[in-house]
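# Summary of the model geometry
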Amino acid sequence: MNQPSGLAALLDEIFQKIDRIPNFPETAQKALRLLQDERLDFKELERVVRHDAAITANFLKLVNSAAFGLPRKVNTLLQAFSLLGINQIKFVLIASCMGQYLKEPIKGYNLTPEQIWTHSLACGLMAEALARRGGLSRPENLFTAALLHDIGKIVIDLYVEGEMENLREVLQKNPELTFMQAEWIVLGADHGIVGAELLRRWGFPKEVYFAVRAHHDESLMLETRTAALTALSNALVNLMGIGTGVDVFAYHLPEGLLEAAKVSEKDLYPAIVETFEKAEAIKAGLFA
Ligand SMILES: [Fe+2]
Ligand SMILES: [Fe+2]
């Protein structure tokens, strides 16, 4: 990303200070590369994924929730792959990788692991529902962006620990500020830009980290369809009250967002209903 030099230095400082963010799992990187090939071999994919016990466990837990509508309980990755569509495999795999970053509460944003995980999953499900209705054929970058859009909150929370009180105070005293403006005043960066920097360092494609960068930026979010869909999904999931923290209503949305996302107004209601039902089913499966 082209950053002003002050911001680049701040991001360096943030990432130097943080040693608790693990690397994005190599297993997941390999699996995502395999998934880019149309003629995917499930056996090869299975060999790659099963190396990581945490991802495998998350994968099986997720697919066995009612949200994925499998006809029977599956016990192996291969069984799951054979019953899921390719886009569902991509979705569940990315979601499974993400689960391991969401184990601790994000104190500053007032989020429990359950809230941030449900919010992230719901945002991914919403993006998937909107993309399917809008005929997006290769949605994996969108899934990644939508599922990981708030990952910067984890980084900021680790970096600032004590600053978060200030952030809340600034927002209380200046209700006209958006949450992102307050993050800039207090921290000099926002969770979108920090999350994007993390994903860039992890080697994700620009389409992904740009969408994460843009998800609260009213002009950037109009620049690509993936960014617009990510921002729209997040906004809808916030309005539905799924796993939201202190920042739930402190954002604006620009005109032209639906056009940039190529989403028709008539698709919003069914996508909301579908996301709600699936998110509830996943929650019941994961947190019962
Ligand atoms: Fe966000
Ligand atoms: Fe969000």
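Placed above this text is the structure.
Summary of the structure given here. All values derive from a computational prediction rather than experimental measurement.

Let us look at the overall build of the chain. Scanning the chain from terminus to terminus reveals 16 helices and zero strands. Projected onto its principal axes, the C-alpha positions of the chain cover 55 × 45 × 35 Å. Taking all 288 residues of the chain together, the buried fraction comes to 57%. Working note: accessible area of the chain is about 13100 Å², and carbon and sulfur atoms make up 50% of it. Averaged over its 29 positive side-chain charges, the chain has a centre that lies 8 Å from the centre of its 36 negative ones.

Within the protein, the atoms that donate to the iron ion (ligand 2) are His 119 (NE2), His 149 (NE2), Asp 150 (OD) and Asn 234 (OD1), at distances of 2.1 to 2.2 Å. Classification of the site at the iron ion (ligand 2) as irregular follows from its four donor atoms and the range of 84 to 173° in their angles at the metal. For the pair the iron ion (ligand 2) and the iron ion (ligand 1), the metal-to-metal distance amounts to 3.6 Å, and Asp 150 bridges them. Both residues of the pair, His 149 and Asp 150, count as buried.

This part is about the side chain of Asp 52. By secondary structure assignment, the location of Asp 52 is in the loop between α3 (42–49) and α4 (53–63). Contact partners of Asp 52, with chain neighbours within four places excluded, come to Pro 25 and Thr 27.

So, about the nonpolar core. In terms of nonpolar packing, the biggest core is built from 107 residues, with Leu 45, Phe 59, Leu 130 and Val 194 touching the most fellow members. A per-element tally of this core places helix α7 (residues 113–133) first, with 11 residues. Discounting residues that sit within four places of it in the chain, Phe 59 has contacts with Leu 77, Ala 80, Phe 81, Leu 84, Ile 89, Val 92, Leu 93 and Ser 96.

A few words on the coordination of the iron ion (ligand 1). Four donors placed tetrahedrally around a metal ideally meet at 109.5 degrees, and six donors placed octahedrally ideally meet at 90 or 180 degrees. Taken together, the protein ligands of the iron ion (ligand 1) are Asp 150 (OD), His 191 (NE2), His 215 (NE2) and His 216 (NE2), with distances of 2.1 to 2.2 Å. Coordination at the iron ion (ligand 1) is irregular: its four donor atoms span angles of 81 to 172° at the metal. In primary sequence terms, the donor set of the iron ion (ligand 1) follows D-x40-H-x23-H-H. Given the relative accessible area of 0%, His 191 is considered buried.

The next point concerns the pattern of salt bridges. Any two side chains of opposite charge can pair, so long as their charged atoms come close to each other. Taken as a whole and assessed by the stated rule, the structure comprises 15 salt bridges. Here Arg 39 makes a salt bridge to Asp 37, at a shortest N to O gap of 3.3 Å. According to the relative accessible area criterion, Arg 39 is exposed, its value standing at 70%. On the basis of relative accessibility, which here comes to 33%, the residue Asp 37 falls in the partly exposed class. Arg 138 is the salt-bridge partner of Glu 140, the closest N and O atoms lying 2.8 Å from each other. On the basis of relative accessible area, Arg 138 is assigned to the partly exposed category, the value being 39%. Several salt bridges share partner residues, and in doing so they unite Glu 128, Arg 132, Arg 133, Glu 274 and Lys 278 into one network.

Moving on, we get to the environment of Glu 114. In this structure, Glu 114 sits in helix α7. For Glu 114, a relative accessible area of 33% puts it in the partly exposed group. Distance from Glu 114 to Met 221, taken between C-alpha atoms, is 27 Å for residues 107 residues apart in sequence.

Glancing now at unusual backbone geometry. Here the phi dihedral of Lys 262 falls at roughly 55°; this positive angle occurs in a residue that is not glycine. Inspection of the secondary structure assignment puts Lys 262 in the loop between α15 (257–261) and α16 (265–287).

Every buried residue belonging to α3 is among Leu 45, Glu 46, Val 48 and Val 49, and all of these are buried. When α3 is viewed along its axis, its buried side chains cluster within an angular range of 160° and face the same direction. Here the buried face of α3 lies against α2 (26–35), α4, α5 (77–83) and α6 (86–98). Capping the start of α3 is the job of one residue whose side-chain oxygen sits 2.9 Å from the backbone nitrogen of Lys 43: Asp 41.

Okay, the packing of helix α12 (residues 191–201) against helix α13 (residues 206–214) next. Their axes nearest at 7 Å, the elements α12 and α13 cross at an angle of 165°. Taken together, the axes of α12 and α13 lie roughly antiparallel to each other. Of the two possible hands of crossing, α12 and α13 adopt the one that is right-handed. Facing α12, whose interface residues are Gly 192, Ile 193, Gly 195, Ala 196, Leu 199 and Arg 200, α13 presents Val 208, Tyr 209, Val 212 and Arg 213. The class makeup of the residues in the contact of α12 with α13 is six nonpolar, two polar and two charged.

So, about helix α9 (residues 151–160). Along α9, nine of the 10 residues are buried, which leaves the element largely enclosed by surrounding structure. Turning to α9, its buried residues number three or more, namely Ile 151, Gly 152, Lys 153, Ile 154, Val 155, Ile 156, Asp 157, Tyr 159 and Val 160.

Rules used in this analysis
- Residues numbered from 1 in each chain as written.
- Chains lettered and ligands numbered in written order.
- Predicted model: local features only at pLDDT ≥ 70, side-chain atom pairs only at ≥ 80, totals over all residues.
- Heavy atoms only, no water.
- Helix = DSSP H or I, 4+ residues; strand = E, 2+ residues; numbered from the N terminus.
- Buried < 20%, exposed > 50% of the residue type's maximum accessible area, 1.4 Å probe, protein only.
- Areas by Shrake-Rupley, 256 points an atom, 1.4 Å probe, with all protein chains shown as cover.
- Lys, Arg positive; Asp, Glu negative; His and termini not counted.
- Charge placed at Lys NZ, Arg CZ, Asp CG, Glu CD.
- Donors = N, O, S within 2.8 Å, 3.2 Å for Na, K, Ca; no water.
- Tetrahedral: all angles 85-135°; square planar, octahedral: opposite > 155°, others 65-115°.
- Contact = heavy atoms within 4.5 Å.
- Core = buried A, V, L, I, M, F, W, Y, C linked by side-chain atoms within 4.5 Å.
- Salt bridge = Lys/Arg side-chain N within 4 Å of Asp/Glu carboxyl O.
- Arc of directions from axis to C-beta.
- Polar contact = N/O pair within 3.5 Å; in protein donor to acceptor, adjacent residues only side chain to side chain.
- Axes fitted to C-alpha atoms, helices over the stretch in contact; angles between N-to-C directions.
- Parallel < 35°, antiparallel > 145°, perpendicular 65-115°, else oblique.
- Left-handed = near helix turned anticlockwise from the far one by under 90°.
- Nonpolar A, V, L, I, M, F, W, Y, C, P; charged D, E, K, R; others polar.

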